[in-house]
Amino acid sequence: MIHLSKRLNTIYNLTPNDIAIDVGADHGQLIISLIENNVIERGYAVENKKGPYERMVKAINASKVKDKITPIFASGISKMPKEVKTVIIAGMGGPLIIKILKDDIDKLNHVDHLLIDSHGAFSFVRKEITDLGFYIDKEEILKEDDIIYEIMRFKKGHCDYSDDDYFFGPLLRKEKTSLFIQKWAKRKEEIISLLRKENLPEMRRNELSEELERIEKEL
Ligand SMILES: C[S@@+](CC[C@H](N)C(=O)[O-])C[C@H]1O[C@@H](n2cnc3c(N)ncnc32)[C@H](O)[C@@H]1O
């Protein structure tokens, strides 16, 4: 059985029981685990570079579930079949994730869920994806190897969010786990220390002061 990292395991636990695609599947660990453990019945795994694609195909072929996974050599969701209901995009920058979705926006018509693990830019990702006609139905914050991850699950539909919801995560700020508090308390200290610098440009100072006020109100 494959041992998933804490981050991938969190995504695994949020995956609905439906046909899924893992975009940028790398070694294919996540999709293989999902099928091996009957979380989903079938799936697709995408890579857009030759080396990683070949590595991924090798791993899939070596697994017990190779007949249930279709490897795709393409960029993003450009070759995603209509039967896919869940799109997983993990371990990429926020702007790249949004580009992948927007490049083939029509493909999202048939999709129910998006499972997103972006490297930062969380506020931007939340706003962009809700603008595409999804709302956040699950959110998890976790720490692994001293890095804090925010995993978001979007569902087709609509919800009105405030700027604070986009910034902190609408469900994360409701739950306010100790890790959430830890993350924002650390950021607060960082900002206070930055604001002590005398040669800080006026615009940056204003931005940081605004962020500090937002965090202080939230904590
Ligand atoms: C940092 S790895 C993350 C792997 C895995 N998803 C994870 O979260 O551990 C990013 C992967 O995405 C692939 N990738 C980047 N852009 C892509 C695109 N437009 N379409 C498909 N795969 C892409 C890269 O080749 C790489 O294997």
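Residues numbered from 1 in each chain as written. Predicted model: local features only at pLDDT ≥ 70, side-chain atom pairs only at ≥ 80, totals over all residues. Heavy atoms only, no water.

> Go over the environment of Ile215, please, and point to the residues and values.
Note on placement: Ile215 falls in helix H9 (residues 202-218). Assessed through its relative accessible area of 0%, Ile215 is described here as buried. Separated by 28 residues in the primary sequence, Ile215 and Arg187 have C-alpha atoms spaced 8.4 Å apart. Those residues in contact with Ile215 that sit more than four places away from it in its chain are Phe168, Trp184, Arg187, Lys188 and Ile191. (Helix = DSSP H or I, 4+ residues; strand = E, 2+ residues; numbered from the N terminus. Buried < 20%, exposed > 50% of the residue type's maximum accessible area, 1.4 Å probe, protein only. Contact = heavy atoms within 4.5 Å.)

> Which residues make up the pattern of salt bridges, and what are the values?
All chains considered together, the criterion is met by 20 salt bridges. Across the pair Lys99 and Asp103 runs a salt bridge whose closest N-O atoms are separated by 2.7 Å. Here the residue Lys99 and the residue Asp103 both occupy positions in helix H4 (residues 94-103), the gap between them amounting to 4 residues, near one helical turn. Assessed through its relative accessible area of 48%, Lys99 is described here as partly exposed. The partly exposed category is assigned to Asp103, whose relative accessible area is 47%. Because the salt bridges share partners, they merge into one network encompassing Asp164, Asp165, Arg173, Lys176, Arg214 and Glu218. (Salt bridge = Lys/Arg side-chain N within 4 Å of Asp/Glu carboxyl O.)

> Break down the site of the ligand for me, with residues and values.
Around the ligand, 15 residues are found, and the nearest of them are Arg7, Gly24, Glu47, Lys49 and Gly76. Separating a nitrogen atom of the ligand from a side-chain N or O atom of Asn48 is a distance of 3.3 Å. When the free accessible area of the ligand is taken as 600 Å², the share hidden by the protein chains comes to 80%. Among the secondary structure elements, those contributing two or more residues to the shell around the ligand are helix H1 (6-14), strand S4 (86-93) and H4. Counting residues per element, the shell around the ligand draws most heavily on S4, at 3 residues. The residue makeup of the shell around the ligand, split by class, is 6 nonpolar, 5 polar and 4 charged. (Near = heavy atom within 4 Å. Polar contact = N/O pair within 3.5 Å; in protein donor to acceptor, adjacent residues only side chain to side chain. Areas by Shrake-Rupley, 256 points an atom, 1.4 Å probe, with all protein chains shown as cover. Nonpolar A, V, L, I, M, F, W, Y, C, P; charged D, E, K, R; others polar.)

> Requested: an account of the packing of H1 against helix H2 (residues 29-36), with residues and values cited.
Where H1 meets H2, the axes come as close as 10 Å, and the angle between the chain directions of the two elements is 45 degrees. One way to sum up the angle between H1 and H2 is to call them oblique. Where H1 crosses over H2, the handedness of that crossing is right-handed. Listed contacts from H2 to Leu8, Ile11 and Tyr12 of H1 are Gln29, Leu30, Ser33 and Leu34. Counted by class, the contact of H1 with H2 contains 5 nonpolar, 2 polar and no charged residues. (Axes fitted to C-alpha atoms, helices over the stretch in contact; angles between N-to-C directions. Parallel < 35°, antiparallel > 145°, perpendicular 65-115°, else oblique. Left-handed = near helix turned anticlockwise from the far one by under 90°.)

> Requested: an account of the side chain of His113, with residues and values cited.
One can find His113 in strand S5 (residues 113-119). The class of His113 is buried, set by a relative accessible area of 11%. Sequence-distant contacts of His113, defined by excluding residues within four places in its chain, comprise Pro16, Lys85, Thr86, Val87, Asp137, Arg153, Phe154 and Lys155.

> Let's hear about the packing of aromatic side chains: which residues, and what values?
Ring pairs (aromatic) are described by centroid distance and by the angle formed between their planes. Summed over all chains, the structure comprises 6 aromatic pairs. Here the aromatic rings of Tyr161 and Tyr166 are separated by 5.8 Å at their centres, their planes lie at 65 degrees, and the arrangement is edge-to-face. Residues Tyr161 and Tyr166 agree in their burial class; the two are buried. Over the face of the ring belonging to Tyr149 we find Arg7, whose NZ or CZ atom lies 5.7 Å from the ring centre. Over the face of the ring belonging to Phe167 we find Arg214, whose NZ or CZ atom lies 5.0 Å from the ring centre. (Phe/Tyr/Trp six-rings, centres within 6.5 Å; stacked < 30°, edge-to-face > 60°. Lys NZ or Arg CZ within 6 Å of the ring centre and 35° of its normal.)

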